[in-house]
Structures are given as C-alpha cells and as structure tokens.
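# Examining the three-dimensional arrangement
Listed below, chain by chain, are the residues.
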Amino acid sequence: MSFSAEVKNELARVSVEHGCCHIAELAALMRMGGTMLIGGNNNLGITFTTENAAVARKVLTLMKRSFDLKTEVVISRSRRLKKANSYMLKVVPSKVVTEVLNVLGMMHGDSISAGRDAGLLRRNCCRRAYLRGAFLGGGSVSKPEGEYHLELVTGNQDFAKTLIRLLKTFDLTGKHAERKQDHIVYLKGGDAITSFLRIIGANNALFAFENVRVVKDMRNQVNRLVNCETANLQKTVNAAVRQVDRIHLIDRKIGLGKLPDTLREAAELRLDHPDATLQELVQLAGGQIGKSGMNHRLRNLERIATGLEEKGRYREK
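Remember, predicted model here, so these are calculated numbers, not experimental data. (Residues numbered from 1 in each chain as written. Predicted model: local features only at pLDDT ≥ 70, side-chain atom pairs only at ≥ 80, totals over all residues. Heavy atoms only, no water.)

## What about unusual backbone geometry?
Positive phi outside glycine occurs at Asp171, with the angle close to 60°. Position of Asp171 relative to the elements: it lies in the loop between helix 6 (157–168) and strand 9 (175–179). Take Asp171: its relative accessible area is 74%, and that puts it in the exposed class. Of note, the phi angle at Lys180 is positive, near 55°, even though the residue is not glycine. (Helix = DSSP H or I, 4+ residues; strand = E, 2+ residues; numbered from the N terminus. Buried < 20%, exposed > 50% of the residue type's maximum accessible area, 1.4 Å probe, protein only.)

Quick look at the structure:
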C-alpha cells in the first residue's frame, strides 16, 4: 500500500461532530471526483468515482448523514494486473438533488458554481474538513523516504485557486502548476507537508512521516560531516605531498643547510612526518610555534622552491 493510500484510509475514519463540517468535506470531495448527470424530466443526479474503497465508504456515509438521497454503488473490477478496482457512487436523478447541489456550493440556483465555496469556509473546522475532502478526492503525498511532495489534482482552475487561498489561511504557501488538462496545487518541503497532515487530521501518518524524516535528516547530516571530513583530509594530504616535493627540490638545488634555521627545522620536521597535519607538526615542534606560524614557514619553503625552479628554467633558456 502506498503512503498516500495509508493517509486516505486514516482520513476516511476521521469523524467530526458538526454538520457544517460534513457539508464542507463532502463539497470538496464532490469538487474533486464528482460529476453531475441529467436524468428524466431534466432532473439532476450525481456520480462520484474513486479507486479507494475507504474513500467510497466515506462519501456514502457523508451523503447518508447529511441528506436523504437514493444512492447506488457500482464496483468495476479491473482485469489488469495490479490495477485497482473502481468504485462509482451514483445519486439517482431527482428534484431534491438540485437542492443538495446548492447546499454543497456546486450550484447557485439553476446555475453551476465555479468552485469558490466561500460560504462553506467561514469556520476554521470547516476549512480543515474541506482540505481533508480535497485530499481524499484528489490528493497524493510521496513517501517520506523520498522527496517531500504533496499535491491536490483538480480539473477546475477556480477550485485550485480556492485551495491555494485556503492553504494560505493556515500559513501554507501552495504552488500552482498545470499538467495536461489538470490543475495541480502542491506543497514542497517536510515542514509544509507535516503541517498539512496535522491540519486535516492525519495524526498517525504525521507521526510516521516525522519518524522517517528525523532519521533521514540525521543520516544526511552524518553524510555531510563525513564528506566534509573526507574533503579536509584530502586537502591535508595534498598539501603535505606538495610540501614534501618542494622541500626535496630545495635540498637538490641548494641543500637544506643553506636555509635559515627556522625554515630548515620546519623542512626537516615535514620530511620526518610526511603524513602529519599542520596541528600535529606544531605539537611535534614542542609548542614553540603556533599553527599560523608553522603554516607561514611551510609557505615560505614553497615560495623558495618555486623561485629556484623558475631560476633553473631561466638558466636553461
């Protein structure tokens, strides 16, 4: 089972007390997966299609609680391997359906509503229920082990804008993108996704997400530290190899005995301890010089070697 399916199964079991929240959640579900159909005498009906059985039960429960509607359930069993079954809930066309659609905000009088639903979203609890319905009807979230990504997919641009405004009331910045005929409202980042899961009441999924996220962040931090340590070690080794090579060049050209005592001692110390770090060289020197002083002497040796090398090339010309 995917992480999205786990979240939806948990949300389908969330129970709310207020009737206004039932309406808000059902309205968002209908916006996501519902369609209107025309029956005899121009009466309207409703169909809702989903591949999640828990979501189908949730829609049916909300319809029964909020309205006295005659419903049918059709299950289409897929013959494809690993292809989910499809559940279609059908509200038989009747005069009362138009009233239901008006209550759900899908119609205003005899006209179809664009998808703003402001009248359903006055209370904070209803806004949470509305977002929960939107996720149940057309949401998905990536597993926490991978990239953090959550999206709500709808074919209605006005509804997508409503979702973005609604997310903003909870201090969440939803982004909008178009994918073929669909409008995608998405969230990026672990903090945004955990906040969204908390808002819609997916507490178990939130804890599971956070547990994986903590382990993942800790692993990433350890990897960064290891990479940093490896880079520093490589830098130290490269510097030591270069310094030893430069000191050998000085020894061949003029001999270390021609150097000032301070530089000669630093050169001999490096040759005797080619693998030592700068701090270790300072300690081997008996603490008579600091780290910056030792680094300065080694750089001077490199400059002398470079000068001798360039002088040799000049003579060859």
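Alright, that's what it looks like, and here's the rest.
## Looking at the pattern of salt bridges
In the structure shown here, the tally under the stated rule is ten salt bridges. Taking the shortest distance from any N to any O, the salt bridge between Arg132 and Glu25 comes out at 3.4 Å. Separated by 107 residues along the polypeptide, Arg132 in helix 5 (residues 124–138) and Glu25 in helix 2 (residues 19–33) bring together distant segments of the chain. Look at Glu25 and you get buried, because its relative accessible area is 0%. Of the charged contacts in the structure, one is a salt bridge between Arg213 and Asp191, with a shortest N-O distance of 2.3 Å. Residue Arg213 is located in helix 8 (residues 203–253), and its partner Asp191 is located in helix 7 (residues 190–200); the two are separated by 22 residues in the primary sequence. (Salt bridge = Lys/Arg side-chain N within 4 Å of Asp/Glu carboxyl O.)

## With respect to the sheet that holds strand 7 (residues 139–141)
Paired through their backbone hydrogen bonds, the strands of a sheet run either parallel or antiparallel. Pairing within the open sheet is antiparallel, and its four strands lie in the order 7-8-10-9. Every other strand in the sheet has two partners, leaving strand 7 and strand 9 as the edge strands with one partner each. Sheet twist, expressed as the mean angle between neighbouring strand axes with direction ignored, is 25°. Taken together, the six bridges between strand 8 (residues 149–154) and strand 10 (residues 182–188) define a ladder with antiparallel strand orientation. In the strand pairing of strand 10, Val153 is matched with Ile184. Most of the contacts of helix 5 go to strand 7, to which it runs at about 80°, and overall it touches strand 7 and strand 8. (Pairing = 2+ DSSP bridges. Axes fitted to C-alpha atoms, helices over the stretch in contact; angles between N-to-C directions. Contact = heavy atoms within 4.5 Å.)

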